[in-house]
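# Residue-level structural notes
Okay, here's what each chain looks like letter by letter:
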Amino acid sequence: MAAEPAPDRQAIRYLLLYALAVAGGAIAYVPFLTILLPVMVTAMVGDRDVTWLSYATFIGAIAASLANIGFGWLSDRTGMRRPWIVAGLILSSAMLILFGKVDSIGWLIGLLFLWQIGLNMMLSPLSAWAGDNVPDAQKGLLGGMLAFAPAAGAVSATLVTIPGLAGPEGRLWLVAAIVVACVLPALVVGRPRPFPELMQENPPEPGARETPHLTPRLKIVRMWLARLLIQISEAALFAFLYFWFRSVDPSMTDARVAQIFSIILLVSVPLALVIGHLADRYRRPFLPLVGMAIIAAFGLVLMALSGSLASAIAGYVVFGVSASIFLSLHTGQTLRVLPRPKNRGRDLGFFNLTNTSPSLVMPWLTLGLVPTFGFAGLFFALAGCAAIAAILLVTLTRQS
């Protein structure tokens, strides 16, 4: 007979199935937005692909931002998460397959807008579902498990593009099938143990080492700004990393950059699990976030000062691993600071803006700094962003 979970713990079985579902959510958009969509746009418009892809991703980001807030709010008002997740899974999968039938850029952008709405119909209630079922004592572990999602998205992008595995339409079917296989188990057999206290307004947390003078609103603002600053740093590097590596060493190839990404993902997942577990065990939920933000700033400084490809790669690995761990653990601890369960889905939708808005800030930041100060100037500025994130969060934790 399986051992029963401790009274203040959610079953590990549910946590694992939930993490798998979140990984499915990442698989739903990572292969499509990073590879399949650009290929479709290029096939339709040729050498105007960069311009049209920019239009498409901008419109898609707007749809995703609004839909994430809207469906989070609707799942709050109805008091149900699973029906919205199921509906979003069906709609987003169906529309993903329909991309294989589109033959004009106008229809492609229109369908992308609708697909983002369906996708966030699934993702927003899925995020809030963890807040309904995972107690504070396990939010660090939850965050560590969520580090698997970006890795799953990257691996799926590699899988569906294996030469000869599937054609253009077959790749869409393959992605949809993988997503369904990942998300459905949590919905069908997850059976989370209920925690009524998680649905109370701002429940107390016995033994938590937090500063008593910070209001819930101020905690939320600090968490939101800290995540935004780290996301801006990560978005800037994601977009321009290859160009920077080439400026350091012209022999750098895209394949080697992909290998570096893989190393970061492989290292981040186990470290996030261990650090998240320790944060729960010692009841220091925000301390790892402060530490990872500081290490991320250090990595960016190393990148700014690097004079060789080896030192450049080392600096980026330090930044990439720490930022990845920060973002996954931050997702789990965000659920801790939201004081009103009846608005949990909506509020998480506003936190999701930290994922979409950096794409609007990053190009202007880069264009304003790189031509004058070079990449070193950009990295020092981003290091400042990471340092500010650490300062914002250090006040949420009281040293014993």
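What the protein contains, in helices and strands, is 13 helices and zero strands. Written out in order from the N terminus, the α and β elements of the protein read α-α-α-α-α-α-α-α-α-α-α-α-α. Since a compact globule built from 400 residues should have a radius of gyration of about 21 Å, the 21 Å found for the protein is in line with a globular shape. Viewed in the frame of its principal axes, the protein has a C-alpha envelope of about 60 × 50 × 40 Å. Across the 400 residues that make up the protein, the buried fraction comes to 50%. A fraction of 85% describes how many contacts in the protein between residues 6 or more apart in sequence connect residues 24 or more apart. As displayed, the protein offers around 17,900 Å² of accessible surface, 71% of which is attributable to carbon and sulfur atoms.

Here the focus is helix 10 (residues 287-305). Compared with an ideal rise of 1.5 Å per residue, which puts 19 residues at 27 Å, helix 10 spans 27 Å between its outermost C-alpha atoms and is within 8% of the ideal. Buried within helix 10 we find P288, L289, V290, M292, A293, A296, A297, G299, L300, M303 and A304.

In this section: the pattern of salt bridges. On inspection of all chains with the given rule, the structure shows seven salt bridges. Linked by salt bridges that have partners in common, D76, R81, D132 and R344 make up one network.

Let's shift gears to the environment of L36. When you line up the elements, L36 lands in helix 1 (residues 12-45). With 136 residues separating them in the primary sequence, L36 and L172 have C-alpha atoms 8.2 Å apart.

Attention now goes to the packing of helix 10 against helix 11 (residues 309-337). Orientation of helix 10 relative to helix 11, taken along the N-to-C sense of each, is 155 degrees, at an axis distance of 8 Å. With respect to helix 11, the element helix 10 is oriented roughly antiparallel. Read as a crossing pair, helix 10 and helix 11 show a hand that is left-handed. Listed contacts from helix 11 to P288, L289, M292, A293, I295, A296, F298, G299, L300, L302 and M303 of helix 10 are A312, G315, Y316, V318, F319, S322, I325, F326, L329, H330 and Q333.

Another point: the side chain of T356. Inspection of the secondary structure puts T356 in helix 12 (residues 344-356). When its relative accessible area of 15% is taken as the criterion, T356 is described as buried. Ignoring any residue separated from it by four or fewer positions in sequence, one finds T356 in contact with A61 and S65.

Together, F58, I59, I62, L66, F113, L114, L360 and V361 make up a nonpolar patch on the protein surface, roughly 690 Å² of accessible area in all. Residue assignment for the nonpolar patch shows that the elements contributing at least two residues are helix 2 (49-78), helix 4 (105-133) and helix 13 (358-394). For the nonpolar patch, the leading source of residues is helix 2, giving four residues. Turning to its location among the elements, F58 is positioned in helix 2.

Residues of the protein with pLDDT of at least 70 account for 92%, and the chain-wide mean is 87. In the model, residues 204-211 has pLDDT below 50 throughout and makes 22 contacts with residues more than four positions away in sequence or in other chains.

Before going further, it helps to spend a moment on helix 3 (residues 82-98). Helix length check: helix 3 (17 residues) gives 24 Å between terminal C-alpha atoms against 24 Å at 1.5 Å per residue, within 8%. If you follow the buried residues of helix 3, they end up packed against helix 1, helix 4 and helix 7 (168-189).

This brings us to the environment of G70. Mapped onto the fold, G70 is located in helix 2. As for G70 and M223, which are separated by 153 residues in sequence, their C-alpha atoms are 21 Å apart.

About the cut-offs
Residues numbered from 1 in each chain as written. Predicted model: local features only at pLDDT ≥ 70, side-chain atom pairs only at ≥ 80, totals over all residues. Heavy atoms only, no water. Helix = DSSP H or I, 4+ residues; strand = E, 2+ residues; numbered from the N terminus. Rg over C-alpha atoms; globule rule 2.2 N^0.38 Å. Buried < 20%, exposed > 50% of the residue type's maximum accessible area, 1.4 Å probe, protein only. Contact = heavy atoms within 4.5 Å. Areas by Shrake-Rupley, 256 points an atom, 1.4 Å probe, with all protein chains shown as cover. Expected span 1.5 Å × (residues − 1). Salt bridge = Lys/Arg side-chain N within 4 Å of Asp/Glu carboxyl O. Axes fitted to C-alpha atoms, helices over the stretch in contact; angles between N-to-C directions. Parallel < 35°, antiparallel > 145°, perpendicular 65-115°, else oblique. Left-handed = near helix turned anticlockwise from the far one by under 90°. Patch = residues over 30% accessible without salt bridge, like charges linked within 9 Å, V, L, I, M, F, W, Y side chains within 5 Å. pLDDT = per-residue confidence, 0-100.

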